[in-house]
Amino acid sequence: MLTKINDLFAENIQIQIEASKSLANNLCLATQNVVNCLLSGHKIIVCGLGRSYANAQCLVANLINRYELERPSFPSVLLSLEGAIGSAIMADNPNETLLQRQFNAVAQQGDILIVLSSLGNESPILNVVQQAFTKEISVIALTGNNSDHLRGLLTENDLEISVPSHRESRILEGHLFLINALCELIDHSLFTQSS
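Thresholds, definitions, all that
Residues numbered from 1 in each chain as written. Predicted model: local features only at pLDDT ≥ 70, side-chain atom pairs only at ≥ 80, totals over all residues. Heavy atoms only, no water. Disulfide = S-S within 2.5 Å. Buried < 20%, exposed > 50% of the residue type's maximum accessible area, 1.4 Å probe, protein only. Core = buried A, V, L, I, M, F, W, Y, C linked by side-chain atoms within 4.5 Å. Helix = DSSP H or I, 4+ residues; strand = E, 2+ residues; numbered from the N terminus. Contact = heavy atoms within 4.5 Å. Axes fitted to C-alpha atoms, helices over the stretch in contact; angles between N-to-C directions. Parallel < 35°, antiparallel > 145°, perpendicular 65-115°, else oblique. Nonpolar A, V, L, I, M, F, W, Y, C, P; charged D, E, K, R; others polar. Pairing = 2+ DSSP bridges. Right-handed = clockwise from strand over helix to strand, strands pointing away. Salt bridge = Lys/Arg side-chain N within 4 Å of Asp/Glu carboxyl O. Left-handed = near helix turned anticlockwise from the far one by under 90°.

1. Quick word on the state of the cysteines
Note on terminology: a disulfide is the covalent bond linking the sulfur atoms of two cysteines. On inspection of all chains with the given rule, the structure shows 0 disulfides. In this structure Cys58 is not part of a disulfide, and its nearest cysteine sulfur, from Cys183, lies 7.1 Å away. Classification of Cys58 by relative accessible area gives partly exposed; the value is 26%.

2. Here's the deal with the nonpolar core
By size, the foremost hydrophobic cluster in this structure holds 34 residues, and its most contacted members are Val34, Ile44, Val46, Ile114, Ile140, Leu142 and Ile186. If you list the elements that add at least two residues to this core, you get α1 (2–22), α2 (24–39), β1 (44–48), α3 (51–64), β3 (112–116), β4 (138–144), β5 (159–163) and α8 (168–190). With near-sequence residues (within four places) excluded, Ile140 lies in contact with Ala30, Asn33, Val34, Ile112, Leu113, Ile114, Val115, Leu159 and Ile161. Core analysis: the second largest hydrophobic core is formed by 21 residues, Leu98, Ile125, Leu126 and Ala141 among them.

3. Notes on the packing of α3 against α8
At their nearest, the axes of α3 and α8 sit 10 Å apart, and the two run at 10 degrees to each other. Comparing their axes, α8 and α3 come out roughly parallel. Taking contact as the criterion, the partners of Arg51, Ser52, Asn55, Cys58, Leu59, Asn62 and Leu63 in α3 are, on α8, Glu168, Leu172, His175, Leu176, Ile179, Asn180, Cys183 and Ile186. Split into classes, the residues belonging to the contact of α3 with α8 amount to 8 nonpolar, 5 polar and 2 charged.

4. Description of the pairing of β4
Burial runs high along β4: 6 of the 7 residues are buried. Note: β3 against β4, 5 bridges, orientation parallel. Among the inter-strand pairings, Val115 is bridged to a residue of β4, identified as Ala141. Where the polypeptide runs from β3 across helix α6 (residues 123–134) and back to β4, its parallel neighbour, the crossover connection is right-handed. Bridging between β4 and β5 involves 5 bridges; their strand directions are parallel.

5. Thoughts on the side chain of Asn55
Tracing the chain through its elements places Asn55 in helix α3. Excluding anything up to four places from it in sequence, Asn55 contacts Leu116, Leu172, His175, Leu176 and Ile179.

6. Re the pattern of salt bridges
Counted by the stated rule, this structure contains 9 salt bridges. One salt bridge in this structure joins Glu173 and Arg170, with 2.8 Å as the shortest N-O distance. Of this pair, Glu173 and Arg170 both sit in helix α8, 3 residues apart, which is roughly one turn of that helix.

7. Quick word on the packing of α1 against α8
α8 packs onto α1 with a crossing angle of 55 degrees between their chain directions and a minimal axis gap of 11 Å. Taken together, the axes of α1 and α8 are oblique relative to one another. Regarding α1 and α8, the two cross each other, and that crossing is right-handed. Contacts between α1 and α8 pair Leu8, Glu11, Asn12, Ile15 and Gln16 from the former with Arg170, Glu173, Gly174 and Phe177 from the latter. Looking at the contact of α1 with α8 residue by residue, the class counts come to 3 nonpolar, 3 polar and 3 charged.

Structure, rendered in structure tokens:
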């Protein structure tokens, strides 16, 4: 059991080392894009499915409430299938379009769509990304090495931050780190802190 535990730590650490080398520039660009979006009075729209939905919730909670710094709320929307709204949407729409109605209701040009996809082939996510393209909304996609379907939809105005792993569990862990780093960098960019 201890060997397995050590192997899990070693795998996670190795992925983080690889990510620190390959993802730093895109994380910097993502931060700048989000900051510019917020400063121009637009909002951040976030979505994920399955276990990626939990990370999407975390990101929106950090943006609306706070991360580590007490500051004003940032305008953010989580595309959700929970409660009565989700039940009504699921009852009346095909699965692949589950997120489109909410997205179309809230998305405006100048907003940013952040999608979290550990698998890269979830049709509701792919359809929202296509919808963002038609609305001229840029996309920041948090993915993994197995995200060819999603990667193929991104344009030159979009940004992919791909955790260097094929394992969903390691990708989800990497996404949570990226979410926390993004929130810390946004706060750092927008607010002067004395340390």
